[in-house]
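Architecture at a glance
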Amino acid sequence: MTIHPSPADTKPAGTTAPPAAGITPAEALGWMHTAKFLTTAPQLHFLPPLTVPEIAFVGRSNAGKSTCINTLTQQKQLAFASKKPGRTQHINLFSLGKQGVTDAVLADLPGYGYAAVPKQDKIRWQQVMANYLVTRENLQAIVLMCDPRHGLTELDEILLDVVRPRVEEGLKFLVVLTKADKLTRSEQTKALSIMKLQAGGGEVRLFSATKRQGIEEVATLLWQWAHPPAPKAVAPAQEQPAEPRPE
Ligand code: GDP
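Structural notes, computed from the coordinates. (Residues numbered from 1 in each chain as written. Predicted model: local features only at pLDDT ≥ 70, side-chain atom pairs only at ≥ 80, totals over all residues.)

Of regular secondary structure, the protein possesses six helices and seven strands. The helix and strand sequence of the protein, counted from the amino end, reads α-β-β-α-β-β-α-β-α-β-α-β-α. (Helix = DSSP H or I, 4+ residues; strand = E, 2+ residues; numbered from the N terminus.)

Taken together, 17 residues lie near the ligand, and Gly64, Lys65, Ser66, Thr67 and Ala209 sit nearest. Broken down by element, the shell around the ligand gets its largest block of residues, three residues, from helix H2 (residues 65-73). (Near = placed C-beta within 6 Å.)

For strand E4 (residues 104-108), the buried fraction is high: five of the five residues fall into the buried class. In E4, alternate side chains face the same way, and those of Ala104, Leu106 and Asp108 on one face and Val105 and Ala107 on the other are all buried. In this sheet, E4 lies alongside strand E2 (residues 54-59) in parallel orientation, the contact comprising four bridges. Opposite Phe57, over in E4, you have Asp108 as the bridge partner. (Buried ≥ 20, exposed ≤ 12 C-beta atoms within 10 Å, placed from the backbone. Pairing = 2+ DSSP bridges.)

The next subject is the packing of helix H1 (residues 25-32) against helix H6 (residues 215-226). Where H1 contacts H6, the two axes come as close as 8 Å, and the packing angle between them is 75 degrees. By the criterion of interaxial angle, the relationship of H1 to H6 is roughly perpendicular. Together, Pro25, Ala28, Leu29, Trp31 and Met32 of H1 and Glu216, Ala219, Thr220 and Trp223 of H6 make up the contact between the two elements. In the contact of H1 with H6, the residues fall into seven nonpolar, one polar and one charged. (Axes fitted to C-alpha atoms, helices over the stretch in contact; angles between N-to-C directions. Parallel < 35°, antiparallel > 145°, perpendicular 65-115°, else oblique. Contact = placed C-beta atoms within 7 Å. Nonpolar A, V, L, I, M, F, W, Y, C, P; charged D, E, K, R; others polar.)

Okay, helix H4 (residues 154-168) next. Under the 1.5 Å per step criterion, the end-to-end length of H4 is 21 Å for 15 residues, consistent within 8% with the ideal 21 Å. At Val162, H4 shows its largest kink, close to 40 degrees, and the proline Pro165 lies no more than four residues downstream. Three or more residues of H4 are buried, namely Asp156, Leu159 and Val163. Those residues of H4 that are buried are in contact with E2, helix H3 (119-135) and strand E5 (139-146). Phi turns positive one or two residues past the end of H4, at Gly170, with a value near 120 degrees. (Expected span 1.5 Å × (residues − 1). Bend = angle between axes of the 7 residues up to and from the residue.)

The next thing to look at is H6. Here H6 contains 12 residues, and its C-alpha end-to-end distance of 17 Å stays within 8% of the 16 Å for a straight helix at 1.5 Å per residue. The complete set of buried residues in H6 reads Ile215, Val218, Ala219, Thr220, Leu221, Leu222, Trp223 and Ala226.

Pairing is mixed in the open sheet, where seven strands are placed in the order E1-E3-E4-E2-E5-E6-E7. The open sheet has two free edges, formed respectively by strand E1 (36-41) and strand E7 (203-206), since each of these has just one partner strand. For this sheet, the mean angle separating the axes of adjacent strands, direction not counted, is 25 degrees. Relative to the sheet, helix H5 (residues 185-198) contacts strand E6 (172-177) and E7, its axis offset from that of E7 by approximately 165 degrees.

It is a general feature of regular strands that their side chains alternate between the two faces of the sheet. For E6, the buried fraction is high: six of the six residues fall into the buried class. Of the two faces of E6, both are covered, the one formed by Lys172, Leu174 and Val176 as well as the one formed by Phe173, Val175 and Leu177. Where E6 and E7 come together, four bridges link them in parallel fashion. Opposite Val176, over in E7, you have Arg205 as the bridge partner. For the crossover that starts at E6, traverses H5 and ends in the parallel E7, the hand is right-handed. (Right-handed = clockwise from strand over helix to strand, strands pointing away.)

Moving on: unusual backbone geometry. Located in the positive-phi region is Asn62, a residue other than glycine, with phi close to 80 degrees. Following the sequence through the fold, Asn62 ends up in the loop between E2 and H2. Note on Asn62: 15 C-beta atoms within 10 Å, which makes it partly exposed. In the Ramachandran plot, Gln74 falls in the positive-phi region, its phi being about 55 degrees despite a non-glycine side chain.

So, on to the environment of Thr34. With respect to the element layout, Thr34 can be found in the loop between H1 and E1. In the structure, Thr34 is positioned 65 residues away from Gln99 in sequence and 8.9 Å away in space, judged by C-alpha atoms. Setting aside its immediate chain neighbours within four residues, Thr34 contacts Leu96, Gly97 and Lys98.

What follows is the structure, given as structure tokens:
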């Protein structure tokens, strides 16, 4: 994929932070802005099998997931489509990619923990979610939204248990601490360090849609995860000259 230099690249050296892994924050945001609704499905087996990296957004209802997706993609309504009646329990996919070429997909998973949902629906949701998180082959990363004023809920912990084996095998994992503007500076620092301990080696970022905090950082990280460096080709083993036989 060719990346065109953004205005930030043309500034004199030393005036901007160096781009992380070949992309500037502005380019990462430009990439996020290409998000388009792709499809919606009530269960995993209705989703199209895809080969591009998929990044799943999960979190309890009201954690700020839709606002986070809309802010990252700079589109007011994108994730609120997932809140339309009939779609709240669906997995919604959004394609990403410049020049109309999809190079990654965002998956917006249904928010959980909403008290008014009937028990049967909650159980069904857990099965759909677990099935998706455990078996979706092109899943590259999980982004868990957490309101730091409430911390991880029981359902968040269950989700962490479900994904742990895949995270140990290399699946990327990010906890986004939403609504950071509701915390003082010292509460933010504390929430960040507590979550780093709980995130089992995953990344943690503070995020505020209203104060526009953490947006570029999260966009850049997601771009990096969706564009991992190609594995180095392993050189074919050279034939070793035969050792002289011991006399
Ligand atoms: P979802 O159910 O996880 O999709 O959550 P929403 O995105 O709908 O947000 C739930 C509530 O939190 C709404 O009232 C939002 O306006 C509010 N909210 C979301 N993000 C932020 C934020 O960064 N700061 C503040 N102060 N409120 C937020």
